[in-house]
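Okay, here's what each chain looks like letter by letter:
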Amino acid sequence: MALPSPSYTITLRVQVPASQRATSTVVGAVADAGAAVTGVDIAHSTPEGLVVDVTCDTVDTQHGEQVVATLEALEGVHVLKWSDSTFLLHLGGKIEVALKAPIRNRRDLSRSYTPGVARVCTAIAENPEDARRLTIKRNTVAVVTDGTAVLGLGDIGPAAALPVMEGKAALFKQFAGVDAWPVCLDTTDTEEIIAVVKAIAPVYGGVNLEDISAPRCFEIEARLRDELDIPVFHDDQHGTAIVVLAALVNALKVVDKKLAEVRIVVSGVGAAGTAIIRLLKAQGAEHIVAFGRGGALHPGTLNGDPHRNWIAENTNAGRFEGTLTEGLAGADVFIGVSAGDILTGADVATMAPDAVVFALANPTPEVDPVAAAETAAVVATGRSDHPNQINNVLAFPGLFRGLLDVGATEITTELMRVAALAIADVVADDELNSAFVIPGVFDHRVAEAVAEAVRAVADA
């Protein structure tokens, strides 16, 4: 059952009679309606009554409307207005440009802009590498999307994708001091996207591709990596893979199993699934079976998709050909990056003892995490309301911090592997348990640990 969430916080301005019980009656009614009251403030008072602001978390938009209707039904109570805190936070956007050097007088102006800036332009023209030293390029990332695979919403277009890209830019700044900017492209043509990103690349020290649908995302990333001299990172693929590997390294410590020995089932062979499998194999995983919509991949499922074909040729050595539920029986690890509610607690119960379950589909995991935890030893999701959240924010800020610091030009598998191990190492062995195999997203140690590991590899 869904629980109230800060994603659906509402504030209701309510007029109530001037009595000792009026406010408590309102708070009780909100709680009885299933919302979680987080604040009560008196907005103002008159001899006839009070105006009270009640803030509460709800389950979804419809639940918020039900809470409003519940209060409206109370005698003497009037809901004057109500607001959605998430929408209020987004009014006018979430990021802005700020000056690093103030322009207070004519002298400042002449150095920041004309005529002094011409000297800097000339220096860069004579030595293009100076752009990293003398411009924002040294600390700036482009967050690029075409809006075709936004969160769990699908193809909603570049304008609707902008709030997500703003949020991504905010996370870059908050967690690693990286200046990032949304670049939402009004085209889904692969060649046009590649051409546009190449054209704007001189401004940036790196490119973070985001929410671009498969299989186009594979070609776009590969081409840009080959044709640009700055690192290009598709977070939906590699950010997810890095954090999954970090969590799995620690989860296997909890259950005392070896990565090379466990049998791993992966549900989902799109961008994230492919990257996860590649990174797990780089770390030493040997027994992986991957499942798409049509069942298990093996050499007999080869088709025109080179990424699926790579999976088919490099996993499932036993050529298992059954369904996902059949393949799950006896498995040590399940990693889901596919669709919600495709498994049950009973399916998880068929796994090996001390099983590890990463059900990462959002917002609805592949299996109910509470049901999975009845038999699995370690359960992780992509959600913030359950233990062990697999969240890409643990990877990409520190990763780009390290890349920008050394002026790196590419992102290698080894670099991503050490980034994952750096995240895992933030959790000390004496802190590990079934409900804590991955650091929290606000752990300030993570970004710097990842950056330090990346700097060491990229600068080697």
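Residues numbered from 1 in each chain as written. Predicted model: local features only at pLDDT ≥ 70, side-chain atom pairs only at ≥ 80, totals over all residues. Heavy atoms only, no water.

### Some remarks on the overall build of the chain
Working step 1: Across its full length, the chain holds 18 helices and 14 strands.
Working step 2: Each principal axis of the C-alpha distribution contributes one length, and for the chain these read about 75 × 75 × 45 Å.
Working step 3: The buried share among the 460 residues of the chain stands at 47%.
Working step 4: The long-range fraction of contacts in the chain, counting pairs at least 24 apart against all pairs at least 6 apart in sequence, stands at 66%.
Working step 5: Here the chain contributes 34 positive and 58 negative side-chain charges, whose respective centroids are spaced 9 Å apart. (Helix = DSSP H or I, 4+ residues; strand = E, 2+ residues; numbered from the N terminus. Buried < 20%, exposed > 50% of the residue type's maximum accessible area, 1.4 Å probe, protein only. Contact = heavy atoms within 4.5 Å. Lys, Arg positive; Asp, Glu negative; His and termini not counted. Charge placed at Lys NZ, Arg CZ, Asp CG, Glu CD.)

### Digging into the side chain of Asp 211
Working step 1: If you trace the backbone, Asp 211 turns up in the loop between strand E7 (206–209) and helix H9 (216–227).
Working step 2: For the buried residue Asp 211, which engages in no salt bridge, the nearest side chain bearing the opposite charge is Lys 168, 7.0 Å off.
Working step 3: With sequence-adjacent residues up to four places away left out, Asp 211 is seen in contact with Thr 145, Asp 146, Gly 147, Thr 148, Ala 149, Val 150, Leu 151, Val 164, Met 165, His 234 and Asp 236. (Salt bridge = Lys/Arg side-chain N within 4 Å of Asp/Glu carboxyl O.)

### Describing the packing of aromatic side chains
Working step 1: Evaluated as defined, the whole model comprises 5 aromatic pairs.
Working step 2: Plain terms: the ring middles of Phe 175 and Phe 442 are 5.8 Å apart, the flat faces sit at 50 degrees to each other, and that makes the pair tilted. Highlighted residues: Phe 175 in helix H7 (residues 158–176) and Phe 442 in the loop between helix H17 (413–426) and helix H18 (445–458), separated in sequence by 267 residues.
Working step 3: Residue class for Phe 175 comes out partly exposed when judged on its relative accessible area of 21%.
Working step 4: By relative accessible area, Phe 442 is classed as exposed at 70%.
Working step 5: For the pair Phe 233 and Phe 400, a centre-to-centre distance of 5.9 Å together with 85 degrees between the ring planes defines the contact as edge-to-face. (Phe/Tyr/Trp six-rings, centres within 6.5 Å; stacked < 30°, edge-to-face > 60°.)

### A short note on the sheet that holds strand E5 (residues 140–145)
Working step 1: Read from one edge of the open sheet, 4 strands run E6-E5-E7-E8, paired in parallel fashion. Of all strands in the sheet, those with a lone pairing partner are strand E6 (179–184) and strand E8 (232–234), marking the two edges. Across the sheet, the mean angle from the axis of one strand to that of its neighbour is 25 degrees, orientation sign disregarded.
Working step 2: Where E7 and E8 come together, 3 bridges link them in parallel fashion. Bridging from a neighbouring strand, Leu 209 pairs with His 234 of E8. (Pairing = 2+ DSSP bridges. Axes fitted to C-alpha atoms, helices over the stretch in contact; angles between N-to-C directions.)

### Quick notes on the pattern of salt bridges
Working step 1: Scanning all chains against the criterion turns up 23 salt bridges.
Working step 2: Of the charged contacts, one joins Arg 401 and Asp 405 as a salt bridge, the two residues approaching to 3.0 Å between their closest N and O atoms. Residue Arg 401 and its partner Asp 405 are located together in helix H16 (residues 396–406), separated by 4 residues, close to a single helical turn.
Working step 3: With a relative accessible area of 16%, Arg 401 lands in the buried category.

### Some details on the environment of Pro 102
Working step 1: Among the structural elements, Pro 102 can be located in the loop between helix H3 (85–90) and helix H4 (106–112).
Working step 2: Residue Pro 102 is classed as partly exposed on the basis of its relative accessible area of 43%.
Working step 3: Remark: the alpha-carbon pair of Pro 102 and Ser 112, spanning 10 residues in sequence, is separated by 9.0 Å.

### Here we look at unusual backbone geometry
Working step 1: Cis geometry is adopted by the peptide bond preceding Pro 215, which originates at Ala 214 and carries an omega value of 5 degrees.
Working step 2: Within the fold, Pro 215 resides in the loop between E7 and H9.
Working step 3: Omega for the bond connecting Asn 362 with Pro 363 falls within 30 degrees of zero, at 5 degrees, which places this linkage in the cis form.
Working step 4: Assignment of secondary structure puts Pro 363 in the loop between strand E13 (356–359) and helix H15 (369–372).
Working step 5: For Asp 256, which is not glycine, the phi torsion reads 55 degrees and is therefore positive.
Working step 6: Looking at where Asp 256 falls in the secondary structure, it is placed in the loop between helix H10 (235–255) and strand E9 (263–267).
Working step 7: Phi is positive for Asp 341, close to 55 degrees, though the residue is something other than glycine.
Working step 8: For Asp 341, the position within the fold is in the loop between strand E12 (333–336) and helix H14 (345–348).

### Let's talk about the nonpolar core
Working step 1: The biggest cluster of nonpolar side chains holds 69 residues, and the ones touching the most others in it are Ile 242, Leu 248, Ile 264, Ile 335, Phe 358 and Leu 399.
Working step 2: Non-local contacts of Ile 242, meaning those with residues more than four positions away in its chain, are made with Phe 233, Leu 279, Ala 395, Leu 399, Met 416, Ala 419, Ala 420 and Ile 423.
Working step 3: The next biggest cluster of nonpolar side chains, apart from the first, holds 20 residues, and it includes Ile 193, Ala 201, Ile 212 and Ala 271. (Core = buried A, V, L, I, M, F, W, Y, C linked by side-chain atoms within 4.5 Å.)

### Some remarks on the sheet that holds strand E10 (residues 287–292)
Working step 1: Overall, mixed pairing links the 6 strands, which are arranged E11-E10-E9-E12-E13-E14 in an open sheet. Each edge of the open sheet is held by one strand with a lone partner, namely strand E11 (295–296) and strand E14 (378–381).
Working step 2: Bridging between E10 and E11 involves 2 bridges; their strand directions are antiparallel. Counted as the bridge partner of Phe 291 is Ala 296 from E11.
Working step 3: Sheet strands in contact with helix H11 (residues 271–283) are E9, E10 and E12, and its direction is about 175 degrees off that of E10.

### Observations regarding H16
Working step 1: Among the 11 residues in H16, 9 count as buried, and that is most of the element.
Working step 2: Considered for burial, the residues of H16 that qualify are Phe 396, Pro 397, Gly 398, Leu 399, Phe 400, Arg 401, Gly 402, Leu 403 and Leu 404.
Working step 3: Following H16 by one or two positions, Gly 407 has its phi on the positive side, about 65 degrees.

### A short note on the pairing of E13
Working step 1: On E13, burial covers both faces: Val 356 and Phe 358 on one face and Val 357 and Ala 359 on the other are all buried.
Working step 2: Judged from the 4 bridges that link them, E12 and E13 form a sheet pairing that is parallel. Note on E13: the bridge partner recorded for Ile 335 is Phe 358.

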